[in-house]
Amino acid sequence: MLDIRLIRENPDEIIARLAAKGRDAKEDIAKILELDRERRSLIQKTDELKARQNKVSKEIPRMKKAGEDVSAIVLESRQLSDEIKDNDNLRKETEEKLNEVMAGLPNLPDPDLKPGGKENNEVLRMFGSPKQFDFEPKNHVDLCTDLGLIDYPRGAKLSGSGFWIYRGMGARLEWALLNYFIETHLNDGYELVMVPHMLGGQAGYVSGQFPKFKDEVYWLKNDEGEREHFMLPTAETALVSLHMDEILTEKELPRKYVAYTPCFRKEAGSHRTDERGMIRGHQFNKVEMVQYTRPEDSDKAFEELVGKAEALVKGLGFHFRTVKLAAEDCSASMARTYDIEIHIPSMNGYKEVSSVSNARDYQARRGNIRFRREETGKTEFVHTLNGSGLATSRILPAIVEQNQQKDGSVLVPEVLRKYLGGIEVLTKDMNHI
RNA sequence: GGAGAAAUACCCAAGUGGUGAAGGGGCUCCCCUGCUAAGGGAGUAGGGCGUGAAAGCGUCGCGAGGGUUCAAAUCCCUCUUUCUCCGCCA
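Residues numbered from 1 in each chain as written. Chains lettered and ligands numbered in written order. Predicted model: local features only at pLDDT ≥ 70, side-chain atom pairs only at ≥ 80, totals over all residues. Heavy atoms only, no water.

1. Focus: the domain arrangement of chain A
Stage number 1. For chain A, the domain assignment lists domain 1 (4–103) and domain 2 (118–430).
Stage number 2. Taken over C-alpha atoms, the centre of domain 1 sits 44 Å from the centre of domain 2.
Stage number 3. With 4 residues of domain 1 in contact, the opposing surface of domain 2 contributes 9 residues.
Stage number 4. Summing both partners gives a buried area of about 490 Å² for domain 1 against domain 2, and 46% of it is carried by carbon and sulfur.
Stage number 5. Three residues, Ala20, Lys21 and Ala103, lead the burial of domain 1 against domain 2; their summed loss comes to 86% of the area buried on that side.
Stage number 6. Summed over the shared surface of domain 1 and domain 2, the number is 0 salt bridges.
Stage number 7. Where domain 1 meets domain 2, there are 4 residue pairs in polar contact (both at pLDDT 80 or more).
Stage number 8. Taken together, the residues that form the side of domain 1 that touches domain 2 break down as 2 nonpolar, 1 polar and 1 charged. (Domains from an automatic or database assignment. Contact = heavy atoms within 4.5 Å. Buried area = accessible area lost by both parts, 1.4 Å probe. Salt bridge = Lys/Arg side-chain N within 4 Å of Asp/Glu carboxyl O. Polar contact = N/O pair within 3.5 Å; in protein donor to acceptor, adjacent residues only side chain to side chain. Nonpolar A, V, L, I, M, F, W, Y, C, P; charged D, E, K, R; others polar.)

2. Some words on helix α2 (residues 11–20)
Stage number 1. When we look at burial in α2, the residues that qualify are Pro11, Ile14, Ile15, Leu18 and Ala20.
Stage number 2. Next to the buried residues of α2 lie α1 (4–9) and α3 (26–65).
Stage number 3. Just downstream of α2, Gly22 is the residue with a positive phi angle, here 80°. (Buried < 20%, exposed > 50% of the residue type's maximum accessible area, 1.4 Å probe, protein only. Helix = DSSP H or I, 4+ residues; strand = E, 2+ residues; numbered from the N terminus.)

3. Some points on the packing of aromatic side chains
Stage number 1. The tally for this structure, following the rule as stated, stands at 7 aromatic pairs.
Stage number 2. On the basis of an interplanar angle of 20° and a centroid distance of 4.5 Å, the ring pair of Phe127 and Phe320 is categorised as stacked. Of this pair, Phe127 sits in strand β1 (residues 122–127) while Phe320 sits in strand β10 (residues 320–324), and the two are 193 residues apart along the sequence. For the pair formed by Phe127 and Phe320, the shared burial category is buried.
Stage number 3. Consider the rings of Trp219 and Phe230, whose centres lie 5.3 Å apart with planes at 55°: the pair is tilted. Of the two residues, Trp219 sits in the loop between α8 (201–207) and β6 (229–231) while Phe230 sits in strand β6, which places them 11 residues apart along the sequence.
Stage number 4. The class for Trp219 is partly exposed, based on a relative accessible area of 28%.
Stage number 5. A relative accessible area of 0% places Phe230 in the buried class.
Stage number 6. The residue whose ring lies beneath Arg321 is Tyr350, and the NZ or CZ to ring-centre distance is 4.1 Å. (Phe/Tyr/Trp six-rings, centres within 6.5 Å; stacked < 30°, edge-to-face > 60°. Lys NZ or Arg CZ within 6 Å of the ring centre and 35° of its normal.)

4. A closer look at the sheet that holds β10
Stage number 1. Pairing in this open sheet of 8 strands is mixed, and the strands run β1-β10-β11-β12-β15-β9-β8-β4 from one edge to the other. A strand with exactly one partner marks an edge of an open sheet, and here the two such strands are β1 and β4 (191–192).
Stage number 2. Most of the contacts of helix α7 (residues 169–187) go to strand β9 (residues 283–293), to which it runs at about 5°, and overall it touches β4, β8 (255–264), β9 and β15 (383–391).
Stage number 3. With respect to the sheet, helix α10 (residues 298–315) is in contact with β1, β8, β9, β10, β11 (336–344), β12 (349–360) and β15, its orientation differing from that of β12 by roughly 160°. (Pairing = 2+ DSSP bridges. Axes fitted to C-alpha atoms, helices over the stretch in contact; angles between N-to-C directions.)

5. Considerations on the confidence of the model for chain A
Stage number 1. Confidence in the prediction for chain A averages 90 pLDDT; 97% of positions are at 70 or higher.
Stage number 2. Reported for the predicted complex are a pTM of 0.90 and an ipTM of 0.84. (pLDDT = per-residue confidence, 0-100.)

Set out below in structure tokens:
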């Protein structure tokens, strides 16, 4: 949600900045300005009526006590009451319309972003270089199947396409990754939270996934009149709504959270032939970092989150790159986003394993998340940031592909060994599925 | 899942239709006192919204949303959450 005052004061600037995100907002802004005027004039009128009504209301008991005739004043009060009700309904209607248009506007991209889409993304940093093999490397689907790490056929049997099963050493490797990530975050002072995997609709609104992306999540079919639930598409949805409708103290900022959850996504129509295996599924594992900060601290926090995501990938010994997304490639809620992309040899390309974003006050406005500034005693909206740290289901294919050896075995990255009872190499004879 | 009770400020809590939502604790300030404790006094209902340069003024506000009424913390309905008992259960 954008600040209505900003729109009121600089409508042209807002239109220009949203244009960088590929959004022509001229009509919406015009509509907002009109509804906003209408709303304020209705409020003014209604408040005057209410003031009059309050005055009259106080007269009645006084007159009654004095034994005066109250029929005339009661009649006036009744008329005022009707008029107020009509005005209030009109105001409510106007506010709903206004909110609908406002909620549909994406966040403003930071001014330093290049306008346009993916083609304007900018590689900021590269670490390492693509692995060279002196043998014909296998792809991760074959490796995972041959080593018995992942059971694709039975995943499909249980739940259909887009689902798989981690088995034996595969499950332990995935678990080791989660442990490595979480332990690192704990050392960095983040609070570990375990959140519900089913969320009520409001949470999706705060993070900005709704109303636009309502079709991309799984909704549970509840009985008539029951609260609606959806399966969370990322822990961000839960973590960003954690402090909905709260006023935090300035002292307790920044808040730093980390959560592991499976993530559930429909991914309708987004299947590509090169995204085999676990590159894109309906359920994948991810550790998510979220920070709530004062406005002036969010740039620093953003760099911290990017640095943390990079450090995790570096710790695994991988070649990767950090990409600054162009305005249009950032999601609707975000002012800026950097992606960490890891090299997957069989795809001859890079796949996102982390996406770090600064929403500034966009989500905080939607969720009414504020803090009280000590100096002024006033409340302000916080800034929210989030970043994957990391998506394990994209890391595991990279591990097996980048660390494969000529004999088909896979080296376990050093940092993970302590979570795997010291095992250094994954070989065929460890698992039979 | 069934039955019952409750929700008022930072905390406890009074308030069953009528002008400003009691009181206490805590907190802040002041006084008294070598210091501390104790004591005395004052302040302390949030957060929006509208208007205004600001001070201010107006409005909303007693879990949420509706309704009845000239008037609702108070009466009625729906919902949410919490507690107690029963059932079920990892």
